[in-house]
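These are the residues of each chain, in order.
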Amino acid sequence: MCHVAGYVAAMSDLSDLLDALDLAPADGGFVAGHVTEGGAPVVFGGQLLAQAAVAATRSAEGKQLTSLHTVFARAARPDAPLHIDLDPMHAGRAFASTTVTIRQEGKLCARSIALLHVPDDDLLRHAAERPDAGRPEDWAPRTDGGLWDLRTADDVDLADPTVGPPELLVWARFPDAPSDPVIGQALLAYASDGFLIGTALRPAAGLGQADAHVRISTTVLTQTITFHEPVDASQWLLLAHRSTYAGRGRSYGQADVWSGDTLVASFVQENMIRAFPPGAAPAPGGRADH
């Protein structure tokens, strides 16, 4: 799936994304549209995560999404609708689970296993402490604000091939997001897709996120996101990324997400980062799907 190259969102207006999350009922699931920024060859993977999150929640009335594990099988094109199939696995008093499969023209693009729950009262409670990332207003905007507002602590630019540690602190918010908690989770899922490949590239001399799909072949292979607390995506969220391994053409990364001092979610991601196979590199000025 495509990641957020140079922090440019895969679509330019929040209303477009919200329209893509307004799933139309269909036999066995839903049909979804999508919009991508002009010229993008594939649908942004974060959009598929967000749509899977909405579909899973709509499959289990009265329960909240607690985790979503997704395998990306192939890229989705921006010129055809997406079909989302639901296959319930279990539905009980406290938990429910379902499989969410996203297809396009009969080809499987992504499949998720979703776990939903009814939250219980605390038996115990603890959480990691939020890292020091300054204040969002301390750092320069990385987007034009049409879809979301992004800032990076210390004004780190992932497109810059300057060597740095495999860590990245990102401030993100969707200022006009509705208060719907399902949409809050979906928008966080959208935001979670974009930065762990760039984080893994930071220690690599001469490479930056701008090289993805141009000089090197990259894609998100799997992602698991766990929601700890309700999410208000209209407020600033701090996404603290760290890549703990890279090698053998793969990278692995983790991130925690805070709203204020509250840890609201965590996610992990496995990625492909490798040289293009012989003859597969894009022509000068072009971009590959992966």
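*Asks:* Talk me through unusual backbone geometry; I want residue IDs and the actual numbers.
*Replies:* A positive phi is found at glutamate 105, a non-glycine position, where the angle reads about 50 degrees. Relative to the elements of secondary structure, glutamate 105 occurs in the loop between strand S5 (95–104) and strand S6 (107–117). For glutamate 105, a relative accessible area of 56% puts it in the exposed group. Of note, histidine 213 is a non-glycine position whose phi angle comes to about 70 degrees, a positive value.

*Asks:* I'd love a proper account of the packing of helix H2 (residues 45–58) against helix H3 (residues 181–192), names of residues and values included.
*Replies:* Following both chains from N to C, one finds H2 and H3 inclined at 155 degrees, their axes separated by 7 Å at the closest point. As judged from the angle between their axes, H2 and H3 are roughly antiparallel. For the crossing formed where H2 meets H3, the hand is right-handed. Contacts from Gly46, Gln47, Leu49, Ala50, Ala53, Val54 and Thr57 in H2 reach Val182, Gln185, Ala186, Ala189, Tyr190 and Ser192 in H3. Of the residues in the contact of H2 with H3, the class split is eight nonpolar, five polar and no charged.

*Asks:* Break down the side chain of threonine 98 for me, with residues and values.
*Replies:* Structurally, the position occupied by threonine 98 is in strand S5. Its relative accessible area of 2% is what places threonine 98 among the buried residues. At a separation of 3.4 Å, a polar atom in the side chain of threonine 98 contacts the main-chain carbonyl oxygen of aspartate 87.

*Asks:* Give a detailed account of H3, specifying residues and quantitative values.
*Replies:* With twelve residues, H3 should reach 16 Å at 1.5 Å per residue; the first-to-last C-alpha distance of 16 Å fits that figure. Where burial is concerned, most of H3 is hidden: ten out of the twelve residues are buried. Looking only at H3, the buried set comprises Ile183, Gly184, Gln185, Ala186, Leu187, Leu188, Ala189, Tyr190, Ala191 and Ser192. Capping of H3 at its N-terminal end is provided by aspartate 180; its side-chain oxygen lies 2.9 Å from the backbone amide nitrogen of valine 182.

*Asks:* With reference to specific residues and values, describe the side chain of glutamine 104.
*Replies:* Take glutamine 104: it is sitting in strand S5. A relative accessible area of 5% places glutamine 104 in the buried class. A polar side-chain atom of glutamine 104 sits 2.9 Å from the main-chain carbonyl oxygen of alanine 80. If we skip the residues at most four places from it in the chain, glutamine 104 touches His34, Ala76, Arg77, Ala80, Pro81, Leu82 and Cys109.

*Asks:* Describe the packing of aromatic side chains, listing the residues and the values that go with them.
*Replies:* Considering all chains together, one arrives at five aromatic pairs under this definition. Look at tryptophan 148 and tyrosine 190: their rings are 5.4 Å apart centre to centre, the planes differ by 70 degrees, and that puts the pair in the edge-to-face class. Here tryptophan 148, found in the loop between S6 and strand S7 (149–152), pairs with tyrosine 190, found in helix H3; they are 42 residues apart in sequence, far enough to count as distant. A residue is classified by how much of its surface remains accessible, and tryptophan 148, at 1% relative accessible area, is buried. Judged by relative accessible area, tyrosine 190 falls into the buried class, the value being 0%. Ring geometry for phenylalanine 174 and tyrosine 190: centres 6.3 Å apart, planes at 75 degrees, overall edge-to-face. Placement of phenylalanine 174 in the loop between strand S8 (167–173) and H3 and of tyrosine 190 in helix H3 is noted, with a sequence separation of 16 residues between them. In this pair, the class of phenylalanine 174 matches that of tyrosine 190, namely buried.

Rules and cut-offs
- Residues numbered from 1 in each chain as written.
- Predicted model: local features only at pLDDT ≥ 70, side-chain atom pairs only at ≥ 80, totals over all residues.
- Heavy atoms only, no water.
- Helix = DSSP H or I, 4+ residues; strand = E, 2+ residues; numbered from the N terminus.
- Buried < 20%, exposed > 50% of the residue type's maximum accessible area, 1.4 Å probe, protein only.
- Axes fitted to C-alpha atoms, helices over the stretch in contact; angles between N-to-C directions.
- Parallel < 35°, antiparallel > 145°, perpendicular 65-115°, else oblique.
- Left-handed = near helix turned anticlockwise from the far one by under 90°.
- Contact = heavy atoms within 4.5 Å.
- Nonpolar A, V, L, I, M, F, W, Y, C, P; charged D, E, K, R; others polar.
- Polar contact = N/O pair within 3.5 Å; in protein donor to acceptor, adjacent residues only side chain to side chain.
- Expected span 1.5 Å × (residues − 1).
- Phe/Tyr/Trp six-rings, centres within 6.5 Å; stacked < 30°, edge-to-face > 60°.

On their own, these measurements won't tell you what the molecule is for.
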